[in-house]
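Structural features, examined
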Amino acid sequence: MRHLRWLLIPLVVLPLGLLLLSGFGRDPREIASPILGRPAPEWSLTTLDGKALGTDALAGRPYVVNFWASWCIPACVDEHPVLAAAHERYGDEVTIVGVLYQDDPGAAESFLARYGNAGYAHAVDERGALAIDYGVTGPPETFFVDADGIVRAKQFGPLTDALLADRMASILNVAER
Amino acid sequence: MIPTIGHASIVIGLGLTTYAVVAFVLAAGGRDERLAASGRRAVIGSFVAALVGCVAMVISLLTHDFSVLYVAENNATTTPAFISAISLWAALEGSILFWTLLATGWASVVLHRHRARHRLLMPWVGATLACVNLFFFAVMTWAGNPFALTAPVGAEGIGPNALLQNHPFMALHPPLLYLGYTGMAVPFAFGVAALVTKRLDEEWLRIVRRWTLVPWIFLTLGIIAGAWWSYEVLGWGGYWAWDPVENAALLPWLTATAFVHSAMVAERRGGLRIWASALVIATFTLTLVGTFLTRSGVVISVHSFTQSAIGPWFLGAILLALTLSLGLLVWRLPGLIGGGRPSGLLSRESAFLLNNVLFLGLTFAVLFGTLLPLLVTATSGDTISVGAPWFNTVNAPIFVALLFLMGIGPALPWGQASWATLRDRFAVPSILGAVVVAAGLALGLRSAAVLVTLGIAVLVGAIMIGEVIRGASARARGRDEDALTATWRLATRNRRRYGGYTVHVGVLVMAIAVAISSGLATDATVTIGPGETARIGAYEIRHERLVVEPLAADARVIETRAELTYTGPQTGSLRTALRDYPNSPTAIATPAVRTSFGEDLYVTLLASDPSTQAVTLHLFVNPLVVWIWIGGVIVGIGSTFAIWPERRRVAVAAAQPQRAPSVSPVEGA
């Protein structure tokens, strides 16, 4: 009986440890976005090179909307090559669109000149209306829309190759089905 | 160059701290004074290393050295120098560097002060403190290097968190809070040392009580400064939201306060030694839990730093500290039981015990409410949040009971109270309290919380005044002094008791202010065009003009500003604005607060319409809020008075040769 008191330690430490441990891997700011599973917002904007771009042109195949800004260092710099590689790899099936978030087009162009322009279009969301429609809280934030125009996944914070592949699967599967 | 020096200083600090741990443990085993002295010097060296690191970081921030990732993420070329300097603690890595500075600072001061005393305890105290510091240096070395470099180097940084550059209190609140947090490692270290060496005696209690009170003062002021900051900056009209991180600061405060009280019983009457050491361990562990909650990204709050690799380190540290210290406690348990002298049901001991039960009740309630969302998510996957109403409902009765106890506890005698004593001390105050409640009812006050708090506050205040008058008049009669001199001398001869009273007065002032400001506040949301007016309480607000322009201090920030005039109990003009920061998705409100002793007029701009120039305002009249801050200052003064070193008895005796030493009442406040 005298040794039972040692049980106190695991009784206190284990539940607390498990509870606090369970919080890892989740980002509490990644609030379940109400937009998931719903039709993507419709829009029509001008791109950096002055062309018109909108949901009309994108409809019918999966697309990715990436909100970014030239001042978003280092997160947007970090994910830039990931997106470029994605454009290279998935470009035939998926359209990638960059959307400037509270940024000056000139600054965005010098960002692209510096870190490489992969060739996908960047829309200028001058009044931030599209960011509001998507419920963007801060760049980088990326939304994955399937061929039916339904938002399937969202990435809060910079994409990595693994994260991108995971999110991409959610819109590609639907396309293949 | 500067970042290299900063990084090198962290590595040097890590080395010195590692050496200190080894030296102290060897010194404890071999009773080797010279090893202990070298351990002490290593700790002081680690403080210097942390200081060099902090200076290097501040220089990097001030010179906008964007090759340092931390600077690129938290600074911009347009950031004012003051904001740059305090950005040292604006984000994760920098705050850990600053934290390490304070932790090594505490360790150095404690080890230096007690260098010639407590030869058995001190090596273990040193070893424990060095272990804690080692953890922070290790985190900075392997998980969150504040001097991590970035390439390519950008010409411009993101700039500091928008919320953090809005108010000078950002310079005050985190350092105070961190001083409190880091200082709680000191009583913990003494607790560990006492358990290891089996020296959990009155001497230990005396040292630990003082070393708990010092960080307790900082923690108290830090929490109050945080409430004040949130009131002045966040723009929702309140000062306490039961945000997880506010709770994280409150939790160790609750257990530390419980300890300060139970230590008095333990010191005076013996016993409670398990309890006292458990509270010391709990307090330190809760400071780590608080840090973990803020820095791991586990909970969301206005304070949470970005998700980082630091979380697992903190979790490991919490579990390790808890396992080892509980292990020590359980190991020593058989020798700790018993020892207290028995006492009656109606006695100061009982009041202290009940006080501790209530404080622990609060601790559990707050901890439960804070961790429940985590528990629910872990078990069912749902997301819930425990809001302020829940915390208010659960905690308000406990606070009221504590307030009541605060009045009667100190007036109860040790051992056993007689009915005659009770009648003498409590009859008049009880009647006064009842009269105030009746008067409130007659005047139309219907809020139960306000009435109960007012009644109890008057009761408690009257009891305290009675206590002071009894003590002072006894002294004035015996020594032929006038009343003021007698009171002052009595207080300075019994600093702990009268400092404690002063703290209680501060708490009383805060309690009344909290009850009334939350119970009797009025607010309204209005939309008015230029030249139109709106009414709130006795105030009339007039919309003069709407201005949209870049901020003079930082042109990247666009300010939408409503310029208003107001008439009523206070008259004047005010500006309240929404600021758009390039790195913040939402506009940051800058509420305008006009403070008077009676009430605050609090105005926040919610929205504006550029076409009509109309503004939507949230107007508040918050009564007595300023008294919360005044009460906080009184608490700070009282607790500082309590721990101020007593003047030497010799000097007193020389100044008053007629005084007989045996008369001096040794009151254990």
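Residues numbered from 1 in each chain as written. Chains lettered and ligands numbered in written order. Predicted model: local features only at pLDDT ≥ 70, side-chain atom pairs only at ≥ 80, totals over all residues.

Moving on, we get to the overall build of chain A. Looking only at helices and strands, chain A features six helices and seven strands. Shown N-terminal to C-terminal, the secondary structure of chain A runs as helices and strands in the order α-β-β-α-β-α-β-α-β-α-β-β-α. Across the 177 residues of chain A, 34% fall into the buried class. Long-range pairs, those at least 24 residues apart, make up 77% of the contacts in chain A between residues at least 6 apart in sequence. (Helix = DSSP H or I, 4+ residues; strand = E, 2+ residues; numbered from the N terminus. Buried ≥ 20, exposed ≤ 12 C-beta atoms within 10 Å, placed from the backbone. Contact = placed C-beta atoms within 7 Å.)

It is worth spelling out the overall build of chain B at this point. Along its length, chain B carries 20 helices and nine strands. Expressed as lengths along the three principal axes of its C-alpha atoms, the size of chain B is roughly 80 × 70 × 60 Å. The proportion of buried residues among the 669 residues of chain B is 50%. For chain B, long-range pairs separated by at least 24 residues make up 73% of all intrachain contacts whose partners lie at least 6 apart in sequence.

Take the pairing of strand E5 (residues 572–580) of chain B next. All names here are of chain B. When strand E4 (residues 558–567) meets E5, the two strands line up antiparallel, connected through nine bridges. Counted as the bridge partner of Ala562 is Thr576 from E5. Hairpin remark: E4 followed by E5, antiparallel, with four residues in the connecting loop; positive phi at Gly568, about 145 degrees. Relative to strand E6 (residues 588–590), E5 is paired through three bridges, and the arrangement is antiparallel. When the bridges of E6 are listed, Leu578 appears paired with Ala589. (Pairing = 2+ DSSP bridges.)

In this section: the sheet that holds E6(B). All names here are of chain B. Taken in spatial order, the five strands make up an open sheet running E2-E3-E4-E5-E6, and their pairing is antiparallel. Of all the strands in the sheet, just strand E2 (533–536) and E6 have a single pairing partner and so form its edges. Here the strands of the sheet are splayed against their neighbours by 25 degrees on average, with no regard to which way each runs. (Axes fitted to C-alpha atoms, helices over the stretch in contact; angles between N-to-C directions.)

Residues and elements named next belong to chain B. Backbone geometry at His118 places phi at a positive 45 degrees, although glycine is not the residue there. We classify His118 as partly exposed; it has 19 C-beta atoms within 10 Å. Despite not being glycine, Trp242 has its phi angle at roughly 55 degrees, a positive value.

Residue and element names in this part refer to chain B. Residue alternation in E2 divides its side chains into a buried set, Ala534 and Ile536, and an unburied set, Thr533 and Arg535. The pairing of E2 with strand E3 (residues 539–550) spans four bridges and is antiparallel. Pairing of Ile536 across the sheet is with Tyr539, part of E3. Connecting E2 to the next strand, E3, in antiparallel fashion are two residues, including Gly537 with a positive phi near 55 degrees.

Residue and element names in this part refer to chain B. If you check the domain split of chain B, you get domain 1 (1–165), domain 2 (391–518 + 631–663) and domain 3 (522–626). Using only C-alpha atoms to locate each centre, domain 1 and domain 3 end up separated by 41 Å. Tallying the contact residues gives seven residues for domain 1 and nine residues for domain 3. (Domains from an automatic or database assignment.)

Residue and element names in this part refer to chain B. Core analysis: the largest hydrophobic core is formed by 244 residues, its most contacted members being Ala185, Phe190 and Ile512. Top contributing element to this core by residue count: helix H9 (residues 202–233), with 20 residues. Beyond its immediate chain neighbours, meaning those up to four positions away, Phe190 contacts Leu121, Val125, Trp204, Ile207, Val208 and Trp211. (Core = buried A, V, L, I, M, F, W, Y, C linked by C-beta atoms within 7 Å.)

All names here are of chain B. Relative to the helices and strands, Leu601 resides in strand E8 (residues 599–609). Exposure remark for Leu601: the 24 C-beta atoms within 10 Å place this residue in the buried category. Leu601 sits 21 residues away from Asn622 along the chain, and the two C-alpha atoms are 6.6 Å apart. Once you skip the residues sitting within four places of it in the chain, Leu601 turns out to touch Tyr539, Tyr566, Gln570, Arg594 and Val621.

All names here are of chain B. Overall, antiparallel pairing links the four strands, which are arranged E1-E9-E8-E7 in an open sheet. Here the strands that pair on one side only, and so sit at the sheet edges, are strand E1 (522–528) and strand E7 (592–595). For this sheet, the mean inter-axis angle between neighbouring strands, taken without regard to orientation, is 15 degrees. The pairing of E8 with strand E9 (residues 614–623) spans ten bridges and is antiparallel. The residue bridging Ala607 from the neighbouring strand is Thr616, located in E9.

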